Amino acid sequence: METMAEGDSIGATRAARGVVSASGVTRRFGEGDTAVDALRGVTLDVPRGQFTAVMGPSGSGKSTLMHILAGLDRPTAGEVSIDGIDITRMGDQELTLLRRNHIGFIFQFFNLLPMLTAAENITLPLDLAGTKPDKAWVEEIVAKVGLGDRRAHRPSELSGGQQQRVAIARALISKPTVLFADEPTGNLDSTTGEEILHLLRDSVDTYGQTTLMVTHEPRAAAMADRILFLADGLIVRDAGKSTASEVLAAMNELRR
Amino acid sequence: MIGVSLKGLAGRKLRATLTALAIVLGVAMISGTYVLTDTIEKAFDSLFVEAYAGTDAVVTGKGAFETDFGLPPPFDEGVLADVKALPDVEAAVGGISDFAQLTDKQGDLISTQGAPALAFGIDTSEERFNALKLTAGAWPSGPGEVVIDAGTADQEGYGVGDTIGVAAEGPIREFTISGIAKFGSVDSIGSATFAVFDIPTAQTLFDKPGQLDGIQAAAKEGVAPQQLVDEIQPILPVGTEVQTADQEAKDATKDVADFTKFIRYFLLAFGGIALFVGAFVIFNTLSITVAQRVREFATLRTIGASRRQVLGSVILEALVIGLVASVVGLFAGLGLAKGLNSVLVSFGLDLPTAGIVFAGRTVAVSVVAGVVITLVAGILPAVRATRVPPIAAVREGATLPRSRFSRFSPYIAAITTVLGLALLLYGMFADDIGIGQRLGGIGAGCLILFVGVAGFSARLVRPLASVLGWPAVRVGGAAGRLARENSMRNPHRTAATAAALMIGLALITFVAVLAQGLRDSVGDAIDRQVNADYVVVSDDNFTPFEPASDAALAAVPGTEVVGIRGDRGRANGTEENVTGIDPAAIASVYDFDWVEGSDESLASLADGGAIVEQSFADDEALSVGSPLRVETPNGTQLSVEVKGVYKAPPFWEMLGNVSISREAFDASFQDPKNLYTFISVTGGATAGGERALEAALVDFPGVKLDTKSGFSKSQQDSIGPLLNLLYVLLALSVIVSLFGIVNTLVLSVFERTRELGMLRAVGMTRRQVRRMIRHESVITAMIGAVLGMVLGLFLAVLVTQALKDEGVIFSVPVVNLVVFAAIAVLAGMAAAIFPARRAARLNVLEALQYE
Ligand SMILES: Nc1ncnc2c1ncn2[C@@H]1O[C@H](COP(=O)(O)OP(=O)(O)OP(=O)(O)O)[C@@H](O)[C@H]1O
Ligand SMILES: [Mg+2]
């Protein structure tokens, strides 16, 4: 039924526009006096193969934006499309298939299944889709994330960094149109975090993997091709590749 | 602390409700049983008390000895005049009581399903002696009139003036309904029926010319009943006795009370099993919630709660659940009593009922049982909660510390299992123990065995789940594979959930296997004994019938018709079944397995001979040539000589332990009746021959003709209703265990919320989520089913072994077992519906952010 090939063909015809695009996206939580406007009109366009970082103070709406772009949440107003397909009006089944074929996730808390081995966790999305994993591809990914000798271990036998590597491999295995990562290094020490970021950068460079990452750390943002600064539910700055100190300066400016 | 625990409970309403349901059913069963049996008992009480309301003394016939069935012999009606003539007798009437079946409007006999089809001949001249109340019409007068019971009139649509058939001894006779009556204040007499005639009519109908079955007498003002009895006593002829009406009612009630008591304990046993299964469910649910609340307990400890307080809070939770569930169950029992009654009715046990009795004892027993069971089940989880150290409050992913005893747990389980087995074996095989001790040993042994097996079944979960999960992986794909992994994640949890189902299935399997064994034993025994083409028995398979049909059957050309007479009698002082056989013909329809003597010995029965079954011969040390004394219920003494000893299959002996010639039987037993009539046809059984025989039986209602194999089948099928009753009652425990599965799944879904969110995020569809939960449920159910069936088979082997001397065969009903496994799968699916729906409905985003 749903195959990789189908996703690819859609991608090819709509390549002209951004692979992820949002226009006038707002998101309001709650009603009346207690209503919170987490997003207040976000418009953006992410081209294929770009590594985008989203930064901003706590509560600025980063996670909310990412959830909406990934089809996990619906905007109150505005439109979102992935690979040129409007996802805002999709039903649950369509969204699930969209996630299966076009979207990869990396979570702050790894979210691996404790009873499956690393290798099984990695191929889980393919299993769910009922497709046979391409052996060579699996090998390549496992090697890429550096888990060669750990594939038979269960999450409880892996370090945090190793668990996140498994999560990255799981996200890459289905060659998603976009990879979303919400503070992927938030739960790791800085050295391990660095390794994970290099891995993400590497997948962008090697496979042209479009990636959107929410982060708090300037050093992480400095790995990206583009940095979006969010404040109070709006994109307040759209910067190109920057150094960590430039990012820090921009953040400090925002806080003021 | 009490507040914390109650608020916590209120915050977990769904869980608390599901937990409580596990107990509600068991308690309802107990309370329902009491309500039902109390109601039946009250109905019987009023039947008997009202029957003798205006009577002080009762005269009845008296046999040489009292048999288990059968009526006392009638006596001469002249006694009535003598009683009436006594100075202190105010009034007296005579009566006839016997049995007669009524017909429905199509002319077919109404089946009373084992309940009596009563018939009375009454003298209505003295109102005070009459316990029946007319609801329409008038009392019968004259040979063509009958009064029938209101239940039959309602059910069959009879009214005053209608014609109804009555089958007393012999063919159906037609009567006009002169009235309709009921027994005093009793609402329903169950499936029993009654027909009332005037005395002369009854005397003719039941072939008791100039005789009576009873006399009711009322004393003059100021004369005590006992005084009246003392006065009547001396004038009574031999073969009669007199008692006060009170005593008579008490005797009658006692028999019935024993019967209702049996039903009560029988049903209570199933309530107890349901409660026992409920205890497993509660234990498991509380264990899971305690494990999920480690953080909460630790936090309580850090802010100063003592271990005791933690213990108290969990116990209190169990107490509240138990109390609420018991009260709900208590009242649910009122409804269930009706349900139980209809279950009994549909299995042919329709008993009289009066207004509903809700006794204090019912309340006390139900509530105490429910609360105690819940508390007992809650103790272990509560103790475990106390072992949570305060530090767990700050530790990531804190889990319950392993118990100090946990490394001994396999040994504890093994010891428990062995203890259970030992008790079981003691109950089954020990010599010289009473029936109470035997049943107690078997019952307690089973329960302890279940606990023991449940204890180490956690170790079996992994291997069983890998095997039983194979179909899930095949049909469910990734969802199925995850389901299998999930079922192995928490072996203790899966094991405890499955164990609840295991108990129900073990008992069901046990019953099924034993029943199959009994059926095969019956079939085998009949095969080995009967050598006839056809067998005639009464419709209900056991009531002796009038031998008059034999002559009609014999008139069909080419048949050899051999009626087997049978009754209770005393042989050398012990009560035995005595049969009367035709010495010349018996060997052509019945295969004797001779120990002493041969078919030739049969000829010598005609002159004062008898043949005896081996077991009886052994008990009485009889052999060919031994003299034997046979006494009939009406006191006739026969002296016979043993001419042969044969061996009959112990489980289904078709002849009595003592058989004499039919001629001798007919001459000495009152009102001789046939147990069976065997028919051999030259050329064997043919459709044409069968039609001719059926035609010959047309005037003999109440008996049926079957080929030998048909007869064998219908005898085997006669345990069917009992078997179904057991299945229905055991189904209750299975339902309780399903609540357990629902409970565990709901708790697991709740615990795995984040995981479910992740799965949905990486592309699991709602359908796949439902499928995953469903397969986990089915795997758990299958583990329970497999364990249960193995245990059930094992128990059946033991019991069959214990009953080997009774001729019970071990035989496995493969089809039934396959059906049970299929039902377990379906039950697993049903249990998963609600949890699966909950899991599938989870909001992905919220699930992902769930702490
Ligand atoms: N489910 C919700 N219900 C109500 N308000 C919400 C919800 N989710 C987010 N918000 C609010 O929306 C705003 C944006 O939240 P969001 O989680 O997107 O912030 P964030 O930028 O990711 O912050 P952080 O860096 O702390 O993760 C916040 O004010 C938050 O309180
Ligand atoms: Mg966030």
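Residues numbered from 1 in each chain as written. Chains lettered and ligands numbered in written order. Predicted model: local features only at pLDDT ≥ 70, side-chain atom pairs only at ≥ 80, totals over all residues. Heavy atoms only, no water.

Some words on the overall build of chain B
Right, so step 1: For chain B, the count of helices and strands is 25 helices and 23 strands.
Right, so step 2: Along the three orthogonal principal directions, the C-alpha set of chain B runs to about 100 × 70 × 50 Å.
Right, so step 3: Here chain B holds 851 residues, and the buried ones make up 54% of them.
Right, so step 4: By sequence separation, contacts in chain B at least 24 residues apart represent 82% of the contacts at least 6 residues apart.
Right, so step 5: With the model as given, the accessible surface of chain B reaches about 35,500 Å², and the carbon-plus-sulfur share is 59%.
Right, so step 6: Seen as two clouds, the 65 positive and the 86 negative side-chain charges of chain B have centres 26 Å apart. (Helix = DSSP H or I, 4+ residues; strand = E, 2+ residues; numbered from the N terminus. Buried < 20%, exposed > 50% of the residue type's maximum accessible area, 1.4 Å probe, protein only. Contact = heavy atoms within 4.5 Å. Areas by Shrake-Rupley, 256 points an atom, 1.4 Å probe, with all protein chains shown as cover. Lys, Arg positive; Asp, Glu negative; His and termini not counted. Charge placed at Lys NZ, Arg CZ, Asp CG, Glu CD.)

What to know about the sheet that holds strand β7 (residues 178-182) of chain A
Residues and elements named next belong to chain A.
Right, so step 1: Read across the sheet, six strands follow the order β6-β7-β8-β3-β9-β10 without closing on themselves; strand pairing throughout is mixed. What marks the edges here is a single partner per strand, and that holds for β6 (103-106) and β10 (234-239). Across the sheet, the mean angle separating the axes of adjacent strands is 20 degrees when strand polarity is ignored.
Right, so step 2: With five bridges connecting them, β7 and strand β8 (residues 210-214) associate as parallel partners. Looking across to β8, one finds that valine 178 is bridged to threonine 210.
Right, so step 3: Along the sheet, helix α6 (residues 160-172) contacts β6 and β7; its crossing angle with β6, the most-contacted strand, is approximately 175 degrees. (Pairing = 2+ DSSP bridges. Axes fitted to C-alpha atoms, helices over the stretch in contact; angles between N-to-C directions.)

Details of the interface of chain B and chain A
Right, so step 1: Counting residues at the interface gives 22 residues for chain B and 23 residues for chain A.
Right, so step 2: Counting each side, the surface lost to burial between chain B and chain A is near 2,100 Å², with a carbon and sulfur contribution of 64%.
Right, so step 3: Of all residues in chain B, Met758(B), Val762(B) and Leu845(B) give up the largest surface area on contact with chain A, accounting jointly for 25% of the area buried on that side.
Right, so step 4: On inspection of chain B and its partner chain A, the count reaches three salt bridges.
Right, so step 5: Between Asp92(A) and Arg766(B) there is a salt bridge whose closest N-O contact spans 3.6 Å.
Right, so step 6: At the boundary of chain B with chain A, the tally comes to nine residue pairs in polar contact (both at pLDDT 80 or more).
Right, so step 7: Those elements giving two or more residues to the side of chain B that touches chain A turn out to be α13 (470-489), α22 (753-761), α23 (766-802) and α25 (844-849) of chain B.
Right, so step 8: Class assignment for the residues of the side of chain B that touches chain A results in 10 nonpolar, five polar and seven charged. (Buried area = accessible area lost by both parts, 1.4 Å probe. Salt bridge = Lys/Arg side-chain N within 4 Å of Asp/Glu carboxyl O. Polar contact = N/O pair within 3.5 Å; in protein donor to acceptor, adjacent residues only side chain to side chain. Nonpolar A, V, L, I, M, F, W, Y, C, P; charged D, E, K, R; others polar.)

Notes on the nonpolar core
Right, so step 1: With 163 residues, the main nonpolar core has Phe450(B) and Leu482(B) as its most contacted residues.
Right, so step 2: Take this core: its biggest share by element is 17 residues, from helix α14 (residues 491-529) of chain B.
Right, so step 3: Residue-level mapping places this core at the junction of two domains, with at least three residues from each of domain 1 (1-53 + 246-401) and domain 2 (74-238) of chain B.
Right, so step 4: Ignoring sequence-local partners within four residues, the contact set of Leu482(B) consists of Leu113(A), Met115(A), Leu116(A), Leu124(A), Leu128(A), Leu759(B), Met764(B) and Met772(B).
Right, so step 5: By size, the runner-up hydrophobic cluster in this structure holds 42 residues, among which are Val142(A), Ile168(A), Phe229(A) and Val247(A). (Core = buried A, V, L, I, M, F, W, Y, C linked by side-chain atoms within 4.5 Å. Domains from an automatic or database assignment.)

A word on the confidence of the model for chain B
Residue and element names in this part refer to chain B.
Right, so step 1: Looking at chain B as a whole, its pLDDT mean stands at 87, while 96% of the residues score no less than 70.
Right, so step 2: Across chain B, helix α24 (residues 814-841) holds the top mean pLDDT of 94, while helix α1 (residues 2-11) sits lowest at 71.
Right, so step 3: Here the complex is predicted with pTM 0.82, and the ipTM for its interfaces comes to 0.82. (pLDDT = per-residue confidence, 0-100.)

Points about the environment of Val80(A)
Residues and elements named next belong to chain A.
Right, so step 1: Among the structural elements, valine 80 can be located in strand β4 (residues 77-82).
Right, so step 2: Overall, valine 80 belongs to the buried group, its relative accessible area being 1%.
Right, so step 3: Sequence separation of valine 80 and glutamate 94 is 14 residues, and the distance between their C-alpha atoms is 14 Å.
Right, so step 4: With residues up to four places along the chain from it excluded, the contact list for valine 80 reads Ser21, Ala22, Val25, Ile68, Leu69, Ile85, Asp86, Ile87 and Thr88.

Quick notes on unusual backbone geometry
Residue and element names in this part refer to chain A.
Right, so step 1: At aspartate 83, a residue that is not glycine, the phi angle is positive and equals roughly 55 degrees.
Right, so step 2: In this structure, aspartate 83 sits in the loop between β4 and β5 (85-86).
Right, so step 3: A relative accessible area of 2% means that aspartate 83 is categorised as buried.
Right, so step 4: One non-glycine residue with positive phi stands out, namely glutamate 183, at about 50 degrees.
Right, so step 5: Locating glutamate 183 in the fold gives a position in the loop between β7 and α7 (190-207).

Topic: a positive patch on the surface
All names here are of chain B.
Right, so step 1: Together, Arg767, Arg770, Arg774, Arg837 and Arg841 make up a region of like positive charge exposed at the surface.
Right, so step 2: Breaking the positive patch down by element, the ones donating at least two residues are α23 and α24.
Right, so step 3: Looking at the positive patch element by element, the count peaks at three residues for α23.
Right, so step 4: Counting through the fold element by element, arginine 774 comes out in helix α23. (Patch = residues over 30% accessible without salt bridge, like charges linked within 9 Å, V, L, I, M, F, W, Y side chains within 5 Å.)

Some points on the pairing of strand β8 (residues 163-167) of chain B
Residues and elements named next belong to chain B.
Right, so step 1: For β8, a buried count of four out of five residues is recorded, marking the element as mostly surrounded by other parts of the structure.
Right, so step 2: With two bridges joining them, strand β4 (residues 101-102) and β8 adopt antiparallel strand pairing. Paired with leucine 102 across the strands is valine 166, a residue of β8.
Right, so step 3: As paired elements, β8 and strand β9 (residues 172-183) share five bridges and run antiparallel to each other. Bridge pairing in β9 links threonine 163 to threonine 176.

Some details on the pairing of strand β3 (residues 51-55) of chain A
All names here are of chain A.
Right, so step 1: Counting buried positions along β3 yields five of five residues, so the element is predominantly enclosed.
Right, so step 2: Going residue by residue along β3, you find Phe51, Ala53 and Met55 tucked away on one face and Thr52 and Val54 tucked away on the opposite face as well.
Right, so step 3: Where β3 meets β8, four bridges bridge the pair, whose relative direction is parallel. Bridge pairing in β8 links phenylalanine 51 to threonine 211.

Some details on the packing of aromatic side chains
Residue and element names in this part refer to chain B.
Right, so step 1: A full pass over the atoms with the stated rule returns 22 aromatic pairs over all chains.
Right, so step 2: Between phenylalanine 592 and tryptophan 594, the ring centres sit 4.7 Å apart and the planes meet at 20 degrees, which makes this aromatic pair stacked.
Right, so step 3: According to the relative accessible area criterion, phenylalanine 592 is buried, its value standing at 11%.
Right, so step 4: By relative accessible area, which is 18% here, tryptophan 594 ends up buried.
Right, so step 5: By way of ring pairs, the aromatic residues Tyr590, Phe592, Trp594 and Tyr646 are connected into one cluster. (Phe/Tyr/Trp six-rings, centres within 6.5 Å; stacked < 30°, edge-to-face > 60°.)

Some words on the domain arrangement of chain B
All names here are of chain B.
Right, so step 1: Splitting chain B by domain gives domain 1 (1-53 + 246-401), domain 2 (74-238) and domain 3 (547-699).
Right, so step 2: Each of domain 1 and domain 2 was reduced to a C-alpha centroid, and the two centroids are 47 Å apart.
Right, so step 3: Of the roughly 990 Å² buried between domain 1 and domain 2, counting both surfaces, carbon and sulfur atoms make up 51%.
Right, so step 4: Counting across the domain 1 and domain 2 interface gives zero salt bridges.
Right, so step 5: For the pair domain 1 and domain 2, the number of links is zero residue pairs in polar contact (both at pLDDT 80 or more).
Right, so step 6: Per-element tally for the side of domain 1 that touches domain 2: the top contributor is helix α2 (residues 13-51), with five residues.
Right, so step 7: Residue composition of the side of domain 1 that touches domain 2, grouped by class: eight nonpolar, four polar and two charged.

With respect to the pattern of salt bridges
Residue and element names in this part refer to chain B.
Right, so step 1: Inspection of every chain in the model, using the stated rule, returns 40 salt bridges over all chains.
Right, so step 2: In this structure, the salt-bridge partner of arginine 528 is aspartate 524, at a minimum N-O distance of 2.9 Å. A residue pair is termed a helical-turn pair when its members lie 3 or 4 positions apart in one helix, as arginine 528 and aspartate 524 do in helix α14 at four residues.
Right, so step 3: The partly exposed category is assigned to arginine 528, whose relative accessible area is 48%.
Right, so step 4: The class of aspartate 524 is partly exposed, set by a relative accessible area of 30%.
Right, so step 5: Overlapping salt bridges bring together Asp38, Glu41, Arg264 and Arg361 as one network.

Things to note about a nonpolar patch on the surface
Residue and element names in this part refer to chain B.
Right, so step 1: On the surface, Val327, Phe331, Ile356, Phe358 and Val363 cluster together into a nonpolar patch covering about 410 Å² of accessible area.
Right, so step 2: If you trace the backbone, valine 327 turns up in helix α9 (residues 307-346).
Right, so step 3: According to the relative accessible area criterion, valine 327 is partly exposed, its value standing at 36%.

Some details on the site of ligand 1
Residue and element names in this part refer to chain A.
Right, so step 1: Looking at ligand 1, there are 13 residues lining it, with Ser58, Gly59, Lys62, Ser63 and Thr64 nearest.
Right, so step 2: In the model, an oxygen atom of ligand 1 is placed 2.7 Å from a nitrogen or oxygen of the serine 63 side chain.
Right, so step 3: Taking 620 Å² as the accessible area of ligand 1 by itself, protein coverage stands at 59%.
Right, so step 4: Going through the elements one at a time, β2 (36-46) and α2 (62-69) are the ones with two or more residues in the shell around ligand 1.
Right, so step 5: Sorting elements by how many residues they give to the shell around ligand 1 places α2 first, with three residues. (Near = heavy atom within 4 Å.)

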